[in-house]
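So you can see what is in the structure, the chains are spelled out below.
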Amino acid sequence: FFQKTLTAVKIWFTLFGWSDGQNPVSIPHSLRRDVCKGQLTASQEKVFKENLGKDTKTLYDMLFHLSGELLPGMTSGQLLPLDPVERMLQLHWQHSALLTFLRSQGAYLPHVMPEFLLELDDYKKWIEMQTELKVDVNNSDIFSDKHLFILEDNIFETMSKRAWTDVLLQIYKVFVLPRVSSCSNTDLSSLERMQNMPRIKSEPLSSNIYSPYELTILTWLNKHYEKNRKTVWKDCQKGEVPPMRWIVNFDRDLLDGLVLAAQLAAYCPYLIATHFVRMYTNPRSPEQLLHNCLILVNAMHSVKLSIDIKV
């Protein structure tokens with residue numbers, strides 16, 4: 001499950017996370033590496049300067065593109081110190097500032113510590129400094145033993161990958177999902193007139209799983225499926241018109257491809273005759289589900305909606 005989530009996150013941010021087209025993202029490696037335009041990279045017994053050039057896209061460029069705000073205290077041309085320890089402390093401060101900024105926007109990241117976002121070598125320096133230096137907690141909270149986690153190398157890499165995945169998911173939640181808006185209240189309430197289908201409420205407390213923006217998307221899915229199912233599959237080659245359904249989640253209710261096909265048909269009705277009439281409207285086997293999803297993905301490719309969705 002986590003690997004599928006990571007893959008989906010990596011694809012979305014590669015395609016849509018940047019201001020001027022695609023930029024490959026690897027989790028956590030490119031996110032830990034590309035934190036400034038020019039930086040110093042530590043490797044075992046030597047420290048060397050790596051000039052990333054003016055065209056290097058950093059994590060903060062992505063954040064500015066998605067949020068419209070610069071991270072407080074950060075400048076676009078900021079460089080890291082030459083000294084390895086100072087460099088590590090600077091990176092730890094930057095990651096702390098990033099987490100604080102995201103939390104102030106509504107992100108939920110209580111399990112992510114700034115040191116989990118560091119490179120492994122820098123994390124080791126951080127642990128070494130935490131255990132050796134005796135600094136009064138009142139002078140600097142970053143030296144507190146309260147949240148010190150000493151992890152083995154392989155455990156740290158797993159934790160870092162999970163932490164960066166969750167950071168990106170929360171960035172998506174607080175900066176991308178809120179862009180979802182309804183066209184009009186009348187449009188959303190029209191579901192109630194469709195054979196008494198219940199309307200999904202988008203109030204903040206109406207669900208303990210989905211945000212109001214996700215509930216709005218579910219409403220949109222319900223609307224187009226109920227509005228188009230009789231039109232899309234009236235001449236279906238593999239079954240009758242599919243029955244009414246209430247779409248309440250983003251996993252099981254979308255498995256058979258019919259709901260997403262109805263959304264595509266709402267905007268690209270010419271796909272009905274070329275693709276969707278060949279779908280099973282009451283799929284009962286894994287093969288029939290695969291058949292439907294193959295048709296759906298082929299339809300997406302035919303309209304150049306190539307976002308690397310796997311069948």
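Residues numbered from 1 in each chain as written. Predicted model: local features only at pLDDT ≥ 70, side-chain atom pairs only at ≥ 80, totals over all residues. Heavy atoms only, no water.

**Quick notes on the packing of helix H5 (residues 120-132) against helix H6 (residues 153-175)**
How two helices sit against one another is set out by the angle between their axes and by the gap between those axes.
And then number 1: Running from N to C, H5 and H6 point in directions that differ by 110 degrees, and their axes come no closer than 11 Å. Classified by the interaxial angle, the pair formed by H5 and H6 is roughly perpendicular. Regarding H5 and H6, the two cross each other, and that crossing is right-handed. Across the interface between the two elements, Leu120, Tyr123 and Lys124 of H5 pack against Asp153, Phe156 and Glu157 of H6.
And then number 2: For the contact of H5 with H6, the residue count by class is 3 nonpolar, no polar and 3 charged. (Axes fitted to C-alpha atoms, helices over the stretch in contact; angles between N-to-C directions. Helix = DSSP H or I, 4+ residues; strand = E, 2+ residues; numbered from the N terminus. Parallel < 35°, antiparallel > 145°, perpendicular 65-115°, else oblique. Left-handed = near helix turned anticlockwise from the far one by under 90°. Contact = heavy atoms within 4.5 Å. Nonpolar A, V, L, I, M, F, W, Y, C, P; charged D, E, K, R; others polar.)

**Remarks on the UniProt feature "signal peptide" (unreviewed entry) in the chain**
And then number 1: Feature annotation in UniProt assigns "signal peptide" (unreviewed entry) to the following positions: residues 1-21.
And then number 2: For the annotated span residues 1-21, helix accounts for 71% and strand for 0% of the residues, and the straight-line distance between the end C-alpha atoms is 28 Å. (UniProt positions renumbered as here; feature names shortened; annotations may be inferred.)

**Focus on the environment of Thr231**
And then number 1: With respect to the helices and strands, the residue Thr231 is situated in helix H8 (residues 212-232).
And then number 2: For Thr231, a relative accessible area of 44% corresponds to the partly exposed category.
And then number 3: Along the primary structure Thr231 and Ile272 are separated by 41 residues, whereas in three dimensions their C-alpha atoms are 8.8 Å apart. (Buried < 20%, exposed > 50% of the residue type's maximum accessible area, 1.4 Å probe, protein only.)

**Describing the nonpolar core**
And then number 1: Leu102, Val167 and Ile171 are the most contacted members of the largest nonpolar core, which totals 45 residues.
And then number 2: Secondary-structure elements contributing two or more residues to this core are helix H1 (2-16), helix H3 (59-67), helix H4 (84-104), H5 and H6.
And then number 3: It is H6 that contributes the most residues to this core, 8 residues altogether.
And then number 4: Leaving out residues up to four positions away in the same chain, Leu102 has contacts with Leu63, Ala107, Leu109, Val167, Ile171 and Phe175. (Core = buried A, V, L, I, M, F, W, Y, C linked by side-chain atoms within 4.5 Å.)

**So, the side chain of Thr216**
And then number 1: Among the secondary structure elements, Thr216 is positioned in helix H8.
And then number 2: Polar side-chain contacts of Thr216 include one of 2.9 Å to the backbone oxygen of Pro212. (Polar contact = N/O pair within 3.5 Å; in protein donor to acceptor, adjacent residues only side chain to side chain.)

**Focus: the environment of Tyr60**
And then number 1: In this fold, Tyr60 is placed in helix H3.
And then number 2: Since its relative accessible area comes to 8%, Tyr60 is described here as buried.
And then number 3: Taking the C-alpha atoms as reference, Tyr60 lies 9.0 Å from Leu98; in sequence the two are 38 residues apart.
And then number 4: Among the polar contacts made by the side chain of Tyr60, one reaches the side chain of Gln94 at a distance of 3.0 Å.

**Overview of the packing of aromatic side chains**
And then number 1: Per the stated rule, a full pass over the model turns up 8 aromatic pairs.
And then number 2: Where Phe101 meets Phe175, the ring centres are 6.0 Å apart and the plane angle is 25 degrees; that geometry is what we call stacked. Highlighted residues: Phe101 in helix H4 and Phe175 in helix H6, separated in sequence by 74 residues. Phe175 carries the same exposure label as Phe101, and that label is buried.
And then number 3: For the ring pair Tyr210 and Phe250, a centre distance of 5.1 Å and an interplane angle of 85 degrees mean the geometry is edge-to-face. Taken together, the residues Tyr210 in the loop between helix H7 (185-189) and H8 and Phe250 in the loop between H8 and helix H9 (258-267) connect sequence positions 40 residues apart.
And then number 4: For Tyr210, a relative accessible area of 16% translates into the label buried.
And then number 5: For Phe250, a relative accessible area of 29% puts it in the partly exposed group.
And then number 6: An aromatic cluster is present here, built from Trp12, Phe13, Phe16 and Tyr172 joined pairwise through their rings.
And then number 7: The lysine or arginine in question, Arg245, covers the ring of Tyr225, its NZ or CZ lying 5.1 Å from the ring centre. (Phe/Tyr/Trp six-rings, centres within 6.5 Å; stacked < 30°, edge-to-face > 60°. Lys NZ or Arg CZ within 6 Å of the ring centre and 35° of its normal.)

**Regarding the confidence of the model for the chain**
And then number 1: With 80% of its residues at a pLDDT of at least 70, the chain reaches an overall mean of 82.
And then number 2: Low pLDDT, under 50, characterises residues 40-54; the stretch is placed with 30 contacts to residues that sit more than four places away or in other chains.
And then number 3: Note that residues 141-145 has pLDDT below 50 and, in this model, 11 contacts with residues that lie over four places away or in other chains. (pLDDT = per-residue confidence, 0-100.)

**A short note on the pattern of salt bridges**
A side chain of one charge can pair with a side chain of the opposite charge if their charged atoms are brought near each other.
And then number 1: Tallied over the entire structure, the rule returns 9 salt bridges.
And then number 2: Between Lys57 and Asp20 there is a salt bridge; the shortest N-O distance is 3.9 Å. Of this pair, Lys57 sits in the loop between strand E2 (46-51) and H3 while Asp20 sits in the loop between H1 and helix H2 (29-33); the two residues are 37 residues apart in sequence, bridging distant segments of the chain.
And then number 3: Of the charged contacts in the structure, one is a salt bridge between Arg162 and Asp166, with a shortest N-O distance of 3.1 Å. With Arg162 and Asp166 both in helix H6 and 4 residues apart, this pair spans about one turn of that helix.
And then number 4: The class of Arg162 is partly exposed, set by a relative accessible area of 38%.
And then number 5: Judged by relative accessible area, Asp166 falls into the buried class, the value being 11%. (Salt bridge = Lys/Arg side-chain N within 4 Å of Asp/Glu carboxyl O.)

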